[in-house]
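For reference, the chains in residue letters:
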Amino acid sequence: MKKLVAIAITLLVCMTFDTVTQAESLDALTLRQGDVKIVKVTDGAKVSDVQGIMTTGSATSAIPIFSKGGALYGIVAVDLYQQPGEYQMTVYEAATKRALSTKTLIVKQGEFEKSVSPRWNTQVFGQTDLDRIAREKKAITEALQASSPLPLWQDGTIYPIEKTDHAGLMTTPFGQIRMNPAQDWFRFHRGTDFQAPEGFAIQAIAAGKVAHLGHDYLLEGNITVIDHGLGVFSSYLHQSAFLVKVGDEVKKGDVIGRVGSTGNSHAPHLHLALRVGAALVDPTQFIEAMRQP
């Protein structure tokens, strides 16, 4: 038994962060703001054996770790607003909290599309509206605090809008910089927009559990939040109708609502957002990384 433990510890000590598609070890992982990447942690260990931590300045966040095909993988997520710089990722032995491997995470500035238009950033909210927005943001934030300890997405992912001749086109990418020429500031687009007509079916991107429904929120309109486990949440905004309720378990591809133009929206579409822990990331990167062949 001691020999097996020694072998296991040796494997953990030698672990490296490898990309799923690359075999060579990485002395450093380079990502941009809003990126999410699946990295290989080790072979032949249990999820309960290790913990992953990402340190960004004075803040620390857990790296979700899951098992697949006899190996352990971690989800490294860089928040859209994370300052560029060099940070650290550390894998610990869960039982002793001993550091087993430390790698550098290099965060670069995102290369986002720019959109300049006099229609951007023109809304002015009074105090009543600001108070309402704060209440609604708080409700969403509270829903993100509890997540399943299991990776519920293990059967893969799917895009939320089925591609047809008139739907499914990505119209606005994640991170788009929206600038008004009359202003000296800008806003990031915090999700990905998909074209679809009013009433079109919205699909859950992966298996999970409905964590929150927001009815007629001022900005988000009708919003559904799904917990996919290990701190991964997807959000579906501006819906015209809900087809699920809080606590419902959904499978990949289940129809959870209908496309609409509720909230801060000018035309029917789906705005899809994704969080990994506290990090707001590009949802299409997660969908592509987790898709099954």
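Keep in mind the model is a prediction, meaning the values are calculated, not measured.

1. As for the overall build of the chain
Alright, step 1. On a plain count of helices and strands, the chain comes out with 3 helices and 23 strands.
Alright, step 2. Its C-alpha atoms give the chain a radius of gyration of 20 Å, near enough to 19 Å, the size a compact globule of 293 residues would have.
Alright, step 3. The buried share of the chain, reckoned over its 293 residues, is 46%.
Alright, step 4. Sequence separation of at least 24 residues holds for 69% of the intrachain contacts in the chain that already meet a minimum separation of 6.
Alright, step 5. When the accessible surface of the chain is summed, it comes to about 14,600 Å², and 53% of that surface belongs to carbon and sulfur atoms.

2. Some details on the nonpolar core
Alright, step 1. Ranked by internal contacts, the top residues of the largest apolar core, which has 35 residues, are Ile75, Trp153, Ile161, Tyr236, Ile256, Val276 and Phe286.
Alright, step 2. Secondary structure elements with two or more residues in this core: strand E3 (36-43), strand E7 (71-77), strand E16 (208-217), strand E18 (232-239), strand E22 (269-276), strand E23 (279-281) and helix H3 (283-290).
Alright, step 3. Counting 11 residues, the second-largest nonpolar core is a separate cluster that includes Leu31, Val39, Met89 and Leu105.

3. Topic: the sheet that holds strand E12 (residues 177-179)
Alright, step 1. A sheet is described by the order of its strands in space; here 3 strands give the open sequence E10-E12-E13, paired in mixed fashion. Looking at strand neighbours, the two that pair on one side only are strand E10 (114-116) and strand E13 (186-188), the edges of this open sheet. Along the sheet, successive strands turn relative to each other by an average axial angle of 20 degrees, direction set aside.
Alright, step 2. Pairing between E12 and E13: 3 bridges, direction antiparallel. Paired with arginine 178 across the bridge in E13 is arginine 187.

4. Let's talk about the pairing of E7
Alright, step 1. Counting buried positions along E7 yields 7 of 7 residues, so the element is predominantly enclosed.
Alright, step 2. Sheet topology places E3 next to E7; 7 bridges connect them, and they run antiparallel. Within the sheet, the bridge partner assigned to threonine 42 lies in E7 and is leucine 72.
Alright, step 3. The pairing of strand E6 (residues 65-68) with E7 spans 4 bridges and is antiparallel. Across the sheet, residue lysine 68 finds its bridge partner in E7, namely alanine 71.
Alright, step 4. Linkage of E6 to E7, two consecutive antiparallel strands, is achieved through a turn of 2 residues, within which glycine 69 is found at a positive phi near 60 degrees.

5. Details of the packing of aromatic side chains
Think of a pair of aromatic rings as described by two things: how far the centres are apart, and how the planes are tilted against each other in angle.
Alright, step 1. All told, the structure shown has 8 aromatic pairs when counted by the stated rule.
Alright, step 2. Ring geometry for tyrosine 81 and phenylalanine 188: centres 5.6 Å apart, planes at 70 degrees, overall edge-to-face. Of this pair, tyrosine 81 sits in the loop between E7 and strand E8 (85-93) while phenylalanine 188 is found in strand E13, placing the two residues 107 residues apart along the sequence.
Alright, step 3. For tyrosine 81, a relative accessible area of 39% translates into the label partly exposed.

6. Brief notes about helix H2 (residues 127-143)
Alright, step 1. With 17 residues, H2 ought to run about 24 Å at 1.5 Å a step, and its terminal C-alpha atoms sit 25 Å apart, in line with that.
Alright, step 2. Residues Ile133, Glu136, Ile140 and Ala143 constitute the buried set of H2. Buried residues of H2 fall within an arc of 80 degrees about the axis and therefore sit on the same side. Of the exposed residues in H2, the ones pointing more than 90 degrees away from its buried face are Gln127, Arg135 and Lys138.
Alright, step 3. Looking at the buried residues of H2, the elements they touch are E16, strand E17 (221-229) and E18.

7. Side note on the pairing of strand E5 (residues 59-63)
For a regular strand, side-chain orientation follows a simple rule: the groups alternate between the two sheet faces.
Alright, step 1. In this structure, strand E4 (residues 50-56) lies alongside E5, joined through 5 bridges in antiparallel fashion. Across the sheet, methionine 54 pairs through a bridge with serine 61, a residue of E5.
Alright, step 2. Connecting E4 to the next strand, E5, in antiparallel fashion are 2 residues, including glycine 57 with a positive phi near 70 degrees.

8. Brief notes about the layout of surface pockets
Alright, step 1. Quantified by volume, the largest pocket comes out at close to 1,200 Å³.
Alright, step 2. Along the wall of the largest pocket there are 38 residues; nearest its centre are Arg178, His189, Arg190, Asn264 and His271.
Alright, step 3. Listing elements by their share of the lining of the largest pocket, those giving two or more residues are H2, strand E11 (170-172), E13, E18 and E22.
Alright, step 4. Examining the composition of the lining of the largest pocket, we find that 5 residues originate from one element, E22, more than from any other.
Alright, step 5. Broken down by class, the residue content of the lining of the largest pocket amounts to 15 nonpolar, 15 polar and 8 charged.
Alright, step 6. What the second largest pocket holds in volume is close to 500 Å³.
Alright, step 7. If you go around the second largest pocket, you meet 27 residues; those closest to its centre are Ser61, Ala62, Ile63, Pro64 and Gly277.
Alright, step 8. Of all the elements in the fold, those that place two or more residues in the lining of the second largest pocket are E4, E5, E7 and strand E9 (98-108).
Alright, step 9. Counting residues per element, the lining of the second largest pocket draws most heavily on E4, which supplies 6 residues.

The rules behind these values
Residues numbered from 1 in each chain as written. Predicted model: local features only at pLDDT ≥ 70, side-chain atom pairs only at ≥ 80, totals over all residues. Heavy atoms only, no water. Helix = DSSP H or I, 4+ residues; strand = E, 2+ residues; numbered from the N terminus. Rg over C-alpha atoms; globule rule 2.2 N^0.38 Å. Buried < 20%, exposed > 50% of the residue type's maximum accessible area, 1.4 Å probe, protein only. Contact = heavy atoms within 4.5 Å. Areas by Shrake-Rupley, 256 points an atom, 1.4 Å probe, with all protein chains shown as cover. Core = buried A, V, L, I, M, F, W, Y, C linked by side-chain atoms within 4.5 Å. Pairing = 2+ DSSP bridges. Axes fitted to C-alpha atoms, helices over the stretch in contact; angles between N-to-C directions. Phe/Tyr/Trp six-rings, centres within 6.5 Å; stacked < 30°, edge-to-face > 60°. Expected span 1.5 Å × (residues − 1). Arc of directions from axis to C-beta. 1 Å grid on protein atoms, 1.4 Å probe; cavity = no way out; pocket = protein on both sides within 12 Å on 5 of 7 lines; lining within 4 Å. Points joined across faces, edges and corners; volume = space filled by probe spheres on them. Nonpolar A, V, L, I, M, F, W, Y, C, P; charged D, E, K, R; others polar.

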